[in-house]
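# Topology and contacts: notes
Each chain is listed here by its residues.
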Amino acid sequence: MTDIKIKIENLYKIFGPKPKSVLQRVKDGMSKQDLLEQHGHVLGLKDINIDIPAQGISVIMGLSGSGKSTLIRHINRLIEPTAGKMIVDGDDVLAMSKNKLIDFRRHKASMVFQKFGLHVHRTVAENVAYGLVVQGTPLKKAKEQSHKWLDRVGLAGFEEHYPSQLSGGMQQRVGLARALATDAEILLMDEAFSALDPLIRTDMQDVLLDLQEELHKTIVFITHDLDEALRIGDTIAILRDGAVIQQGDPQDIIMHPNDDYIVDFIQDINRGRVIRLRTLMSEGTAINGLALNQNMVLEEALPLVADTAEKACNVVDDANNILGSIDLNQVITGLARPKVETNPENRYR
Amino acid sequence: MDWLINFLTEFPQMSRQGLRDMKKMIDGSYREFSREYGEAIESFFDPLLWFLVKFEELLQITPWPVVILVVAGLAWWGARSWTIVIGSIVSFLLIGWFGMWEDTMSTLAIVSVSTFICIALGIPLGILMARSDRLQSMVTPVLDIMQTIPAFVYLIPVVMLLGIGKVPGLLSVCIYAIPPIVRLTNLGIRLVEKEALEAADAFGASYKQRLFGVQIPLALPNIFAGVNQTIMMALSMVVIASMIGVAGLGVPVLKSISNQYLALGMMNGLAIVVLAIIFDRVSQSFGLRLQKHRHGAQHD
Ligand SMILES: Nc1ncnc2c1ncn2[C@@H]1O[C@H](COP(=O)(O)OP(=O)(O)OP(=O)(O)O)[C@@H](O)[C@H]1O
Ligand SMILES: [Mg+2]
């Protein structure tokens, strides 16, 4: 988990006619608002530094307009940066020649889009085979692969349909299959599930998590939905106005939000379904009693702990080594929403 | 006071002499230009002329039942509709019955050749225009002029340069008919959704893969509308082109105008309309058939 796959260094993106001319002002700390009013440029991204670990799901979240799409499009360079580096496996994507970049997009990173981005003139199977065909894979093999992946995302039998004949959820399965079919190590997902309704969305999250269990891709997942971020993210980075304001272990962010904006974000989450035992346990204090996995969420743990005679349980890792213990009181306080003092005057919006 | 009234009521005009000299100068230099280069330009078009003449001959010497069979076959291949096939057969039989077979074959030849030329030049030009805003802003006004200038006006320089005959006729038909295909190809490609293109880019499509795999297929409805309009305009230009020596249905129409032959004019005019309808239906349903996804799962 500690291998760094993608290293984003001092990345800046300014939209406008002469981005380089205002770069220094942004570096000196000019705000997005001032930049727009005084210089007519839009600040897209500001000094982004993120390390994305290999084989995990890294979530980038933020409200609409915070720069999420802009950021993820820098990873495969659909957008050119104003300054900075994007190191993938030791290579700077932003310095690649045209051919090398095409090669990178064909083999190293594939993408799933919020609005699906399917080709309406191709059948479902042809859409899934698209990346392979672009690579130059022989048609027969591309077709086999495409059928295999359609099967994996649960769309066997729809090969010869056209995208317009499928529901939104099914279309995004096609988008996912298309991205998986190229065998790229990196999967970029820009609000891939945001256009789907809640039930289908949870469904798709399950599909993704199941696939990830065996594929171990490096996934960069964009969302504006905290529940989704917490459900699937191994790490989370939060963007606001083009800058990262907090990143790290999701549990850590919930327990120690470092800013009003994040406090606002986490206010309405269902803590019982999000906070895990390892976050609340008292370390190193073994007791006599039931053992619960460290990654169990409070909602599941509550009845179990309450049922024990001791009103407490041990917390263990996957190999059943005892890490610490937790009692009923800790679980219940963990469920309560912490009181937050927010001054309405200096809120972010 | 007087001069002011004069000034206001009479437009201040260039002197007659000056105007005459200017026109003379332009005419003279153009005449010189055509004397100098006319032949070279004409021989440049020789292959085209050869093609047109051979094609027309072929249509003329082929026995009429064979032509009708081929037309019916093409209609079936393009439209896959019995109504259109039977309609075409009946129309051609009527055209022959009323004695317009030869003229119709000539018209068919020139319309086919000029449509072919317009497509061969117009689609690539439209593609280039879609790629470059600068080229678009340069070509659009030229297309505007080509579409609005009265056809008779550009017949003059064409005739001065190339004389009277098939080549100048073909050229003027092409000038008149090419704007829609250029415009609609450009428009169609520019209207392709950003998402579809972004997906192609993200999967590493090269310029060619992008163009032929995404942009052109998605622009097809517009491109076909352009082809269709180009054919229609070529047909409507046939009458005017007959003034400068293009054989075909336009010749009897011109004759009827000068001699007030109502029946002859109407019949030949209707023959042009019938050709137009057949071309229109066949090209439109062919365009639709190319886009299977538009009628869903139904395959043929
Ligand atoms: N091509 C562009 N030209 C100018 N400004 C742009 C451009 N693309 C994005 N922006 C600006 O950059 C900022 C970030 O946009 P971005 O699309 O990355 O946001 P986002 O976080 O993905 O939002 P959403 O959740 O709505 O998708 C916005 O203020 C937007 O107006
Ligand atoms: Mg976005």
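On a predicted model such as this, the values are computed, not experimentally measured, just so you know.

Scoring rules and cut-offs
Every chain begins its residue count from 1, and numbering advances along the sequence as written. Chains and ligands are labelled sequentially in the order written, the chains with letters from A and the ligands with numbers from 1. At least 70 in pLDDT is required for a residue's local features to be given in this predicted model, at least 80 for side-chain atom pairs to be given and counted, and no such filter applies to totals for whole chains, interfaces and linings, which use all residues. Only heavy atoms go into the side-chain values, all of them from the structure, while hydrogens and water stay out. Only DSSP runs of H or I covering at least 4 residues are called helices, and only runs of E covering at least 2 are called strands; the numbering of each starts at the N terminus. The rule is simple: take the accessible area with a 1.4 Å probe, protein chains only, and divide by the maximum for that residue type; under 20% is buried, over 50% is exposed, in between is partly exposed. Pairs of residues are marked as contacts when any of their non-hydrogen atoms sit within 4.5 Å. Patch building starts from residues that exceed 30% relative accessible area and form no salt bridge, then joins like charges within 9 Å and nonpolar side chains (Val, Leu, Ile, Met, Phe, Trp, Tyr) within 5 Å. Per-residue and other accessible areas follow the Shrake-Rupley method at a 1.4 Å probe size, with only the shown protein chains counted as cover for residues. A pairing counts as a salt bridge when a side-chain nitrogen of Lys or Arg comes within 4 Å of a carboxyl oxygen of Asp or Glu. Only when DSSP finds a minimum of two bridges between them are two strands counted as paired. An axis is simply a line fitted to the C-alpha atoms; with a helix, the fit covers only the stretch in contact. Between two such axes, the angle follows the N-to-C directions and lies from 0 to 180 degrees. Nearness here has a simple test: a residue counts as near a molecule or strand if at least one of its heavy atoms is within 4 Å of that partner. In the analysis that follows, any N or O atom pair within 3.5 Å is treated as a polar contact, provided that within protein one partner can donate a hydrogen and the other can accept it, and provided that, for residues neighboring in sequence, both atoms belong to side chains. Basically, the charged four are Asp, Glu, Lys and Arg, the nonpolar ten are Ala, Val, Leu, Ile, Met, Phe, Trp, Tyr, Cys and Pro, and anything else, Gly included, counts as polar. Here the quantity called buried area is the accessible surface, traced with a 1.4 Å probe, that two parts lose on coming together, added over both. Planes of paired rings set the category: under 30 degrees apart is stacked, over 60 is edge-to-face and the rest tilted, where pairs are Phe, Tyr or Trp rings (Trp by its six-membered ring) whose centres lie within 6.5 Å. Whether a charge lies above a ring is judged from NZ of Lys or CZ of Arg, which has to be within 6 Å of the ring centre and within 35 degrees of the ring normal. pLDDT measures the predictor's confidence residue by residue and takes values from 0 up to 100. To estimate how far a helix should reach, multiply one less than its number of residues by 1.5 Å. The arc refers to the directions leading from the helix axis to the C-beta atoms. Working rule for angles: under 35 degrees goes down as roughly parallel, over 145 as roughly antiparallel, 65 to 115 as roughly perpendicular, anything else as oblique. When the near helix sits turned anticlockwise from the far one by under a right angle, the crossing is termed left-handed; a clockwise turn instead gives a right-handed crossing. We call a set of buried residues a nonpolar core when its members are Ala, Val, Leu, Ile, Met, Phe, Trp, Tyr or Cys and they connect through side-chain atoms within 4.5 Å of each other.

Okay, the overall build of chain B next. A count of helices and strands for chain B gives 13 helices and zero strands. Counting from the amino terminus, helix and strand elements in chain B follow one another as α-α-α-α-α-α-α-α-α-α-α-α-α. Across its three principal axes, chain B shows a C-alpha extent of roughly 80 × 60 × 45 Å. Looking at chain B as a whole, 43% of its 300 residues are labelled buried. In chain B, of all internal contacts separated by at least 6 residues, the share reaching a separation of at least 24 is 77%.

Another aspect to go through is a nonpolar patch on the surface. Residues and elements named next belong to chain B. Side chains of W76, W82, I86, V90, L94, W97, F98 and M267 sit close together on the surface and give an oily, nonpolar patch of about 900 Å² of accessible area. No other element matches helix α5 (residues 82-97), which puts five residues into the nonpolar patch. Mapped onto the elements, W76 comes out in helix α4 (residues 64-79). According to the relative accessible area criterion, W76 is partly exposed, its value standing at 33%.

Residues and elements named next belong to chain A. A sheet is described by the order of its strands in space; here four strands give the open sequence β2-β1-β4-β5, paired in antiparallel fashion. Each edge of the open sheet carries a strand with a single partner, namely β2 (42-53) and β5 (91-92). With respect to the sheet, helix α3 (residues 68-75) is in contact with β1 (4-15), β2 and β4 (83-88), its orientation differing from that of β1 by roughly 125 degrees.

Our next topic: the site of ligand 1. Residue and element names in this part refer to chain A. Around ligand 1 sit F15, K32, V42, L63, S64, G65, S66, G67, K68, S69, T70 and E191, and those are all the residues in its vicinity. Here an oxygen atom of ligand 1 and a side-chain polar atom of S69 are 2.7 Å apart. In the complex, 61% of the free accessible area of ligand 1, which totals 640 Å², lies under the protein chains. Broken down by element, the shell around ligand 1 gets its largest block of residues, three residues, from α3. A breakdown of the residues in the shell around ligand 1 according to their chemical character gives three nonpolar, six polar and three charged.

Further remarks concern unusual backbone geometry. The phi angle of most residues is negative, glycine excepted, and most peptide bonds adopt the trans form. All names here are of chain A. Although it is not a glycine, D47 adopts a positive phi angle of roughly 45 degrees. Inspection of the secondary structure assignment puts D47 in strand β2. Judged by relative accessible area, D47 falls into the partly exposed class, the value being 35%. Phi is positive for H216, which is not a glycine, with a value near 50 degrees. Here H216 is to be found in the loop between α8 (198-215) and β8 (218-223).

In many analyses, interface size is given as the accessible surface area lost on bringing the parts together. Across the contact, 28 residues belong to chain A and 21 residues belong to chain B. Both sides of the chain A and chain B interface together cover about 2,000 Å² of buried area, and 61% of this is carbon and sulfur. On the chain A side of the interface with chain B, the three residues burying the most area are H121, Y130 and Y162 of chain A, jointly 26% of the side's total. At the junction of chain A with chain B, the criterion picks out two salt bridges. When the shortest N-O distance is used, the salt bridge between E198 of chain B and R73 of chain A registers 2.5 Å. Taken together, the links from chain A to chain B amount to eight residue pairs in polar contact (both at pLDDT 80 or more). Within the residue set of the side of chain A that touches chain B, elements represented by two or more residues are α4 (98-107), β6 (109-112), α5 (124-135) and α7 (168-181) of chain A. A per-element tally of the side of chain A that touches chain B places α5 of chain A first, with four residues. Classifying every residue of the side of chain A that touches chain B gives twelve nonpolar, nine polar and seven charged.

Residue and element names in this part refer to chain A. Pairing within the open sheet is mixed, and its six strands lie in the order β6-β7-β8-β3-β9-β10. The open sheet terminates on both sides in strands that have one partner only, identified here as β6 and β10 (243-248). Each strand of the sheet is rotated relative to its neighbour by a mean of 20 degrees, with strand direction disregarded. With five bridges joining them, strand β9 (residues 235-240) and β10 adopt antiparallel strand pairing.

Given two aromatic rings, one states the distance between the centres and the angle between the planes to describe the pair. All names here are of chain B. Counting across every chain of the model gives eleven aromatic pairs over all chains. Between W76 and W82, the ring centres sit 4.8 Å apart and the planes meet at 25 degrees, which makes this aromatic pair stacked. The exposure class assigned to W82 is exposed, which follows from its relative accessible area of 57%. Here the aromatic residues Y30, F33 and Y37 are joined through ring pairs into a cluster of three or more. Sitting above the plane of the Y207 ring, R131 keeps its charged end 4.3 Å from the centroid.

Moving on to the environment of D206 of chain A. All names here are of chain A. Structurally, the position occupied by D206 is in helix α8. A residue is classified by how much of its surface remains accessible, and D206, at 32% relative accessible area, is partly exposed. Through-space distance from the C-alpha of D206 to that of P303 is 25 Å; in sequence the pair is 97 residues apart.

Confidence along chain A averages 90 in pLDDT terms, with 96% of residues attaining 70 or more. The least confident element of chain A is helix α11 (residues 260-266) of chain A, whose mean pLDDT is 83; the most confident is β8 of chain A, at 96.

Moving on, we come to α4 of chain B. Residue and element names in this part refer to chain B. Taking 1.5 Å per residue as the helical rise, α4 with its 16 residues ought to reach 22 Å, and the 22 Å between its terminal C-alpha atoms agrees with that figure. Listed in full, the buried residues belonging to α4 are V67, I68, V71, A72, A75, G78 and A79. All buried residues of α4 project into a common sector of 135 degrees when viewed along the axis, lining one side. Looking at the buried positions of α4, the neighbouring elements they touch are α3 (46-61), α5, α6 (101-131) and α13 (262-290). Trailing α4 by a residue or two, R80 shows a phi angle of about 50 degrees, which is positive.

Moving on, we get to the environment of I216 of chain B. Counting through the fold element by element, I216 of chain B comes out in helix α11 (residues 207-241). C-alpha of I216 of chain B to C-alpha of R131 of chain B: the two residues are 85 residues apart in sequence and 13 Å apart in space.

Our focus in this paragraph is the packing of α5 of chain A against helix α6 (residues 139-152) of chain A. Residues and elements named next belong to chain A. Look at α5 against α6: their axes get within 8 Å of each other, and the N-to-C directions meet at 120 degrees. Taken together, α5 and α6 sit at an angle that is classed as oblique. In this structure, α5 meets α6 at a crossing whose hand is right-handed. Contacts between α5 and α6 involve V124, A125, V128, A129, L132 and V133 on the former and, on the latter, L139, A142, Q145, S146, H147, W149 and L150. A breakdown of the residues in the contact of α5 with α6 according to their chemical character gives ten nonpolar, three polar and no charged.

Let us look at the nonpolar core. Of all hydrophobic cores here, the largest spans 131 residues; its most connected members are L176, L187, M189, L208 and F221 of chain A together with F92 of chain B. Counting residues per element, this core draws most heavily on α11 of chain B, which supplies 14 residues. When residues no more than four places from it in sequence are discounted, the contact partners of F92 of chain B are I68, V71, W101, M105, L108, L275 and I278 of chain B. The next biggest cluster of nonpolar side chains, apart from the first, holds 29 residues, and it includes L45, V88, F113 and L188 of chain A.

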